[in-house]
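So the chains spell out like this:
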Amino acid sequence: MIFSKRKKNKRIAERKTETKMHTFIPWKTIGIGLLLWIITIIIFIGDKFAPSIDLAENQKAPKTIISSVSFDCINLKITEAEKNNAAEKIPYVFSKETKISDISNQKINSLISRLEQYYKTTNLNNQTEVLRSINDIIIGSNLDANDITAAFSQNKIKHLKQNLIKEISYFNEKGIISNEDYKTFFEDRSNKLIDIYDDQKNTNYIENIKNIYNIEKASSQLASNFNNSDQKNVIEKLSLIIISPNLKYDDLLSESKKDNARNKIASIFEKYPKEFVIVKESELVTKQTIELLKAHNNQLLLEIDPAETRLKFFGKSILLLAALIASIVMLKLLNTDILQKSENAILLSSLALITVASARILSYLSIQLDLLPSVVLIYLVPHSLAVLLTVILFGGGAALSIGFWGSFATAIYFDQSFSVFVLGILTTVTATTAAKNVHRRSNIYRAGLFIALINFLFTFIIYIFEQPELPVLGIQLLSALFSSIFSASLTLVLLPLFEKIFGITTDITLLELSDMSHPLLQKMAIQAPGTYHHSLMVATLSQNAAEAINANSLLVRVCAYYHDIGKLAKPEFFAENIQNNENPHDNLAPHMSALVIIAHVKEGLALAKKYKLPSPILDAIEQHHGNGLIHYFYEKAKKNIAETNSDEVLNEADFRYGGKPAECSEMVILSLADACEAASRTIDKPTPQKITNLINEIFEQKLNDGQLDYAKLNMSEINQVKSSIIFSLSNMLHGRVSYKNNENTSK
């Protein structure tokens, strides 16, 4: 819908006429704002947060808390005891390794083979060699080969082999456990069952530990098969190397089965009456205390009348709407034009949701999943993240508005907490101040440090009022520090993403482009040195003028560097590069010369897109001449027609640039500075009065030509820009005192 009204409009070009003005209702922006409100309400639905729990484990209770309703609560002690009892009944799992049996049999066969070889040979040297090889096999048994040959004669070797292989195979089949594992898992345990997993058969079976052999038991039983004491002694020592545990404790399977058993045990609840003392003043808060408080609060929520719940939710929604309207009004007052683009409104709405969404996620992790203590929640909320992003992308005014909204909405979410609102506002002001003039990405961490210091100060103030235990204060300080560092780090990650998606150019990007080693600037310095010097002079004039009216001096300076890059296509056709060479325009018709001059705007846009320069620089290239008239060649064409008495009708449009007049204050300043700097080169023996007259003439010409009709500047600001340019040019083009020939001319 369009509302029309008649009003006197004093245009900047001083055309005092009555024009029909149209006021458009920004339906898109209003729709985006309503969507932000609705999404915030959805985030609030089912929060189940109030009433809050402000106690932490091992903290002394600041006051006695008595239940106002009867409620059921888990008994952690009894439940944990039942779970442990169930887990205790689960046998430990041991994996049977079949390769151990093969290794034992290999050792036995090697030993018997050497013994048989020893008795078969009669050569003394050969026997010595065999004994040496036997000693190699029985390393670790505290035996000598002679001990074995002394205890077992040649006719006993067969009996030895049969007994060893038979018994060792039996032991391995039943299972052999190490003495250490037996003492650790079974010595003082009532449950003597063992769960054996056979990796070869891929099966599990339960066995009593008394049927399982340890090293001592297996060694003793093996030695009992021999009657001779010497043989028993040899076998007991030999068992140290031929009997190895083949049951290995499986920690993963054991704990998995025990955890399953624990999980099958239902939590044991007890009833607590109304007016039950949950915790006494100065009493140490335990996990059970926290559970009692949670259960009591949940019961309170259940007993609230649904109509009362709906009414409270409606009240919160109205408060949020009021805060949103206040934030938008604040934004319009501090930054009038920011909401004219739908893209800006979408990005600001996205940033506005960050704080509230983070608060919801953190409260879910704390209240529902019990992963975070509730006493650190307000310090973990990244209030500064949205503010840092906004101040860098849009400026301080937008950041204050977003910070106010985030602080207010989060305070409502945390049960109308005044502390949350104050913390959010303090963080907003600090982040806006610290990051307002951030020119390097690394400086964002410095802003994060200032935010952390303010959060520390707030934490200490709250400590004075509530006086929690020092461990609680410690985790609150750590939470505040983590939130600040996290916000600064995530800002660095998200900033380039938002710049790319929404086409926003920050001061950080502009500073990177102001590096004079940029390929385009280097190319201009070599191929078009006159244009390069002209751009530097325009940058200086523009920067000074922008500072005079509080415009973005960095933006206009960087735009000035690149505004004439299109001249690189044909640098020799522009006056600043011709110097003492032949003027190529002398051999061209005025129309052709105008086409060449006009083309530098189009060439500049193509070059800027090729090098992926941001949109403000593209605007500068297109708007620094607007649709202005090329007076020199237009007048030359008129003169040619007059001299030749031609009937040709001269079309003024052929001598006008194809761009659009400058709109924002920075582009207006650039357009004026560009024209003034170029014209100043034509002054013969410049004086302040000559410079002033020239600048006045150029400004009047721009006004009369309508090039400032769309400028967002008033006449006072235009006059300030004019004064700044006159002052700067007067100093740049100052005269020098003449020196005598014998004086040092460098003075």
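Note that this is a predicted model, so its numbers are computed, not measured. (Residues numbered from 1 in each chain as written. Predicted model: local features only at pLDDT ≥ 70, side-chain atom pairs only at ≥ 80, totals over all residues. Heavy atoms only, no water.)

Draft legend 1. Molecular detail of the overall build of the protein chain. Along the backbone of the protein chain there are 30 helices and twelve strands. Taking 747 residues into account, the globule formula puts the C-alpha radius of gyration at 27 Å, and the protein chain, at 45 Å, lies well above it. In terms of principal-axis extent, the alpha carbons of the protein chain reach across some 145 × 85 × 60 Å. When each of the 747 residues of the protein chain is scored for burial, the buried share is 46%. Partitioning the contacts of the protein chain with sequence separation of at least 6, the portion at a separation of at least 24 is 78%. If you sum the accessible surface of the protein chain, you get close to 39600 Å²; carbon and sulfur atoms cover 55% of it. One finds the centroid of the 78 positive side-chain charges in the protein chain at a distance of 2 Å from the centroid of its 77 negative side-chain charges. (Helix = DSSP H or I, 4+ residues; strand = E, 2+ residues; numbered from the N terminus. Rg over C-alpha atoms; globule rule 2.2 N^0.38 Å. Buried < 20%, exposed > 50% of the residue type's maximum accessible area, 1.4 Å probe, protein only. Contact = heavy atoms within 4.5 Å. Areas by Shrake-Rupley, 256 points an atom, 1.4 Å probe, with all protein chains shown as cover. Lys, Arg positive; Asp, Glu negative; His and termini not counted. Charge placed at Lys NZ, Arg CZ, Asp CG, Glu CD.)

Draft legend 2. Representation of the nonpolar core in the model. Judged by nonpolar contacts, the single largest core of 72 residues is most densely connected at Tyr562, Ile565 and Ile725. Core analysis: the second largest hydrophobic core is formed by 67 residues, Ala345, Ile354, Val472 and Ile508 among them. (Core = buried A, V, L, I, M, F, W, Y, C linked by side-chain atoms within 4.5 Å.)

Draft legend 3. Region of the structure containing the packing of aromatic side chains. Within this structure, the stated rule accounts for 25 aromatic pairs. Relative to Phe655, the ring of Tyr634 has its centre 5.7 Å away and its plane inclined at 65°; by these criteria the two rings are edge-to-face. With Tyr634 in helix H27 (residues 631–644) and Phe655 in the loop between H27 and helix H28 (665–680), this pair connects stretches of sequence that are 21 residues apart. Of the two residues, Tyr634 and Phe655, both sit in the buried class. Between Lys258 and the ring centre of Tyr92, over which it is positioned, the NZ or CZ distance is 4.3 Å. (Phe/Tyr/Trp six-rings, centres within 6.5 Å; stacked < 30°, edge-to-face > 60°. Lys NZ or Arg CZ within 6 Å of the ring centre and 35° of its normal.)

Draft legend 4. Local environment of the pattern of salt bridges. On inspection of all chains with the given rule, the structure shows ten salt bridges. For Arg656, the salt bridge identified is with Glu652, shortest N-O distance 2.8 Å. Asp705 serves as the salt-bridge partner of Arg656, at 2.8 Å between the closest nitrogen and oxygen. Of this pair, Arg656 sits in the loop between H27 and H28 while Asp705 sits in the loop between helix H29 (688–704) and helix H30 (715–732), placing them 49 residues apart in sequence. Take Asp705: its relative accessible area is 25%, and that puts it in the partly exposed class. (Salt bridge = Lys/Arg side-chain N within 4 Å of Asp/Glu carboxyl O.)

Draft legend 5. Spotlight on a nonpolar patch on the surface. Together, Trp27, Ile30, Leu34, Ile38, Ile42 and Ile45 give the surface a local cluster of nonpolar side chains, amounting to about 590 Å² of exposed area. Counting through the fold element by element, Ile30 comes out in helix H1 (residues 27–44). (Patch = residues over 30% accessible without salt bridge, like charges linked within 9 Å, V, L, I, M, F, W, Y side chains within 5 Å.)

Draft legend 6. Spatial organisation of the pairing of strand S7 (residues 193–198). When strand S5 (residues 92–96) meets S7, the two strands line up parallel, connected through five bridges. If you follow Ser95 over to S7, its bridge partner there is Tyr197. Once S7 ends, the chain turns through four residues before running back antiparallel as strand S8 (residues 203–208), passing Asn202 with a positive phi of about 55°. (Pairing = 2+ DSSP bridges.)

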